[in-house]
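One-letter residues, chain by chain:
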Amino acid sequence: MEHSDTNNQIDAFKSAISESKRIVGFTGAGISTESGIPDYRSKGGIWDKFQPVYIEEFISDEGKRVLYWQRKQELWKDLSNALPNKGHLFFKHLYDEGKLAGLITQNIDGLHEKSGLPKDIIVNLHGTNLEVTCLDCGFTVPAQDVFGRLDLEQGVPLCPECSGFFKPNTISFGQQLRGEDLSRANDLAVSCDLMIVVGSTLVVQPASSIPSIAKEKGALLSIITLSETPLDSYADFVFHLKVDDFITIFQS
Ligand SMILES: [Zn+2]
């Protein structure tokens, strides 16, 4: 795309934003790479180097539980230092303008929460690393409370309420997405007038069907992501740019 074409598209996209009343964001790993969060599901990501721990293994095998917690401990060091970037602040700004009805994310890094968006408008489709939850009774605590005193030599952390297994509150391999989250995401998709996808390649189902639902129900669809997506030909605005580069052009 020629530079001037990009600028024309950006102008049209800005008009779409100013005319819309109910924007919904949909974000994937690409929005967080500028914050130093590894895109762990992509090729060369950390799950390429390590065998994933499936939920069945976590439940049945103490060794796998320790391994899982060791990896999460490593990841926590990155996550607890990571700060929201221009992409997250773009959505926070839309919220401050009263335009953002909801934010659906495939990310588990909690950076939308850190940007200041209220928790109740965020749908964490793949769960969140900001919480630790009990697999048996659902008792949930802030992750900091567990990681701050995690000592795996003493064993994996257990629920103080029922002694069930504690696990970071993310969707593990072998676990289904939560019905409640999918239904909230669906409600947002059918009721928005503009869906803005940032940093998702839209290939992980069923999450990736959400932007199609929005479009089918009459919303405009905008996709801002470095690589091509299966919905590009269907979208109203497509910007194949790094999030940071897009925001720089958008703000200029
Ligand atoms: Zn419990």
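Parameters and conventions
- Residues numbered from 1 in each chain as written.
- Predicted model: local features only at pLDDT ≥ 70, side-chain atom pairs only at ≥ 80, totals over all residues.
- Heavy atoms only, no water.
- Donors = N, O, S within 2.8 Å, 3.2 Å for Na, K, Ca; no water.
- Tetrahedral: all angles 85-135°; square planar, octahedral: opposite > 155°, others 65-115°.
- Helix = DSSP H or I, 4+ residues; strand = E, 2+ residues; numbered from the N terminus.
- Buried < 20%, exposed > 50% of the residue type's maximum accessible area, 1.4 Å probe, protein only.
- Pairing = 2+ DSSP bridges.
- Right-handed = clockwise from strand over helix to strand, strands pointing away.
- Axes fitted to C-alpha atoms, helices over the stretch in contact; angles between N-to-C directions.
- Contact = heavy atoms within 4.5 Å.

(A) Quick look at the coordination of the zinc ion. Within the protein, the atoms that donate to the zinc ion are Cys-134 (SG), Cys-137 (SG), Cys-159 (SG) and Cys-162 (SG), at distances of 2.3 to 2.4 Å. Taken together, the four donor atoms coordinating the zinc ion and their angles of 99 to 116 degrees define a geometry best described as tetrahedral. Between consecutive donors of the zinc ion, the numbers of intervening residues give the motif C-x2-C-x21-C-x2-C. With Cys-137 in the loop between strand 4 (127-134) and strand 5 (140-142) and Cys-159 in the loop between helix 7 (143-147) and strand 6 (166-170), the pair connects residues that are 22 residues apart, well separated along the chain.

(B) Inspection of the pairing of strand 7 (residues 194-198) at higher detail. Counting buried positions over the five residues of strand 7 gives five, a clear majority of the element. In strand 7, alternate side chains face the same way, and those of Leu-194, Ile-196 and Val-198 on one face and Met-195 and Val-197 on the other are all buried. Looking at chain direction, strand 1 (residues 23-27) and strand 7 are connected through five bridges and run parallel. Bridged to Phe-26 within strand 7 is Val-197. With five bridges joining them, strand 7 and strand 8 (residues 220-224) adopt parallel strand pairing. Bridge pairing links Val-198 to Ile-224 in strand 8. Handedness of the crossover joining strand 7 and strand 8 through helix 9 (residues 210-216): right-handed.

(C) Main features of the sheet that holds strand 9 (residues 237-239). As summarised here, the arrangement of the six strands in space is 3-2-1-7-8-9, forming an open sheet in which the pairing is parallel. If you trace the sheet from one side to the other, it starts and ends with strand 3 (122-124) and strand 9, each paired once. Direction aside, neighbouring strands of the sheet carry axes that sit 15 degrees apart on average. In terms of strand pairing, strand 1 meets strand 2 (residues 100-105) through five bridges, oriented parallel. For Ile-23, the partnering residue across the bridge sits in strand 2 and is Leu-100. Where helix 8 (residues 179-191) meets the sheet, it contacts strand 1, strand 2, strand 3 and strand 7, and its direction lies at approximately 135 degrees from that of strand 3.

Don't take any of this as a statement about function, it's just geometry.
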